[in-house]
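Spelled out from the first residue to the last, the chains are:
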Amino acid sequence: MERFTVEPLRVVDFVEHVRRRPQGYFLVERGSPELPTEVLRAVAWDGLHRRDGRHGQISVEIGSDLSFTVESDQRPSSDERERPLPEFFGSLLDMFDMEHWAPSAAAALSVRTVIEVWLDGHGYRQELVGMDPTGSREEFVAPKPFGTRTTFHLDPSFCGPGEAIAWALRPEELHGETCREHPSPTTFPIHDLRAETEGSLSE
């Protein structure tokens, strides 16, 4: 009987795929001046939309032209709570299922990501380079029963010179009219630390 062999399929690394085709995740191509803002928009959208279809609560802090933090009251899905820190990417990004892909895709475009997860009163913190943890998870006392706080430092060599997160962003620009399921406006704080730094330098 003739035997057939099948060559193993090459699984494209997630980081490689995001970096080769950022428009598939963030709607704009590499080199677009809108890329940093679109990455922020995707992470903010992800944090706002709960798995039950309702809006959650988030806050956004812009630390520099290519860094931002999103804090969210998102919590793991029910099956993830049974195993609160699963191993998929091998980091705290595992708490996000593939429906909530934006934090993982943003980490793929970052030179440094710091993620904090709060679960049932326990806090876990980890630092990543790309998708790879730089060390083990650190435990701390969680400030809230559940939620996440993630800071992304986008790769300046990927974004290109002169690209930056847009100034004077408003909540509706990161969410707003594109939310067809919940057309009513959702407000959340956006703190742009660049404005504070610029103000102190001009004094």
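Residues numbered from 1 in each chain as written. Predicted model: local features only at pLDDT ≥ 70, side-chain atom pairs only at ≥ 80, totals over all residues. Heavy atoms only, no water.

For the rest of this paragraph, the subject is the overall build of the protein chain. Of the regular secondary structure elements, the protein chain holds 8 helices and 8 strands. For the protein chain, buried positions account for 45% of its 203 residues. Across the protein chain, the fraction of contacts at a sequence separation of at least 24, relative to all contacts at a separation of at least 6, is 65%. Surface accessibility of the protein chain: about 11,700 Å² in total, with carbon and sulfur atoms responsible for 52%. (Helix = DSSP H or I, 4+ residues; strand = E, 2+ residues; numbered from the N terminus. Buried < 20%, exposed > 50% of the residue type's maximum accessible area, 1.4 Å probe, protein only. Contact = heavy atoms within 4.5 Å. Areas by Shrake-Rupley, 256 points an atom, 1.4 Å probe, with all protein chains shown as cover.)

So, about the packing of aromatic side chains. Under the defined criterion, the tally for this structure stands at 5 aromatic pairs. Here a set of aromatic residues connected by ring pairs shows up, and it is made of Phe14, Tyr25, Phe26 and Trp101. Looking at Arg125, its charged tip hangs above the ring of Phe140, at a distance of 4.2 Å from the centre. A cation over an aromatic ring shows up here: Arg194 above the ring of Trp167, its NZ or CZ 4.3 Å from the ring centre. (Phe/Tyr/Trp six-rings, centres within 6.5 Å; stacked < 30°, edge-to-face > 60°. Lys NZ or Arg CZ within 6 Å of the ring centre and 35° of its normal.)

Now for helix 3 (residues 35–48). With 14 residues, helix 3 ought to run about 20 Å at 1.5 Å a step, and its terminal C-alpha atoms sit 20 Å apart, in line with that. For helix 3, a buried count of 12 out of 14 residues is recorded, marking the element as mostly surrounded by other parts of the structure. Buried within helix 3 we find Leu35, Pro36, Thr37, Glu38, Val39, Leu40, Ala42, Val43, Ala44, Asp46, Gly47 and Leu48. (Expected span 1.5 Å × (residues − 1).)

We now examine the pairing of strand 1 (residues 58–64). Pairing geometry for strand 1 and strand 2 (residues 67–72), over 6 bridges, is antiparallel. The residue of strand 2 that forms the bridge with Ser64 is Ser67. Sheet analysis places strand 1 next to strand 8 (residues 190–192), joined by 3 bridges and oriented parallel. In the strand pairing of strand 8, Ile62 is matched with Asp192. (Pairing = 2+ DSSP bridges.)

A few words on the pattern of salt bridges. Inspection of every chain in the model, using the stated rule, returns 12 salt bridges. Put simply, Asp65 and Arg194 hold a salt bridge, and the shortest N to O gap is 2.9 Å. Of this pair, Asp65 sits in the loop between strand 1 and strand 2 while Arg194 sits in helix 8 (residues 193–202), and the two are 129 residues apart along the sequence. Residue Asp65 is classed as partly exposed on the basis of its relative accessible area, which comes to 35%. Look at Arg194 and you get buried, because its relative accessible area is 7%. Salt bridges here are not isolated pairs; linked through shared partners, they connect Asp65, Asp192 and Arg194. (Salt bridge = Lys/Arg side-chain N within 4 Å of Asp/Glu carboxyl O.)

Put simply, the protein chain has an average pLDDT of 81, and 76% of its residues get 70 or more. Of all secondary-structure elements in the protein chain, the lowest mean pLDDT belongs to helix 4 (residues 78–82), at 44, while strand 1 reaches the highest, 97. Predicted confidence is poor over residues 6–11, with pLDDT under 50, and the contacts of this stretch with residues over four places away or in other chains come to 1 contact. Confidence over residues 77–88 falls short of pLDDT 50; this stretch has 21 contacts with residues more than four positions distant or in other chains. (pLDDT = per-residue confidence, 0-100.)

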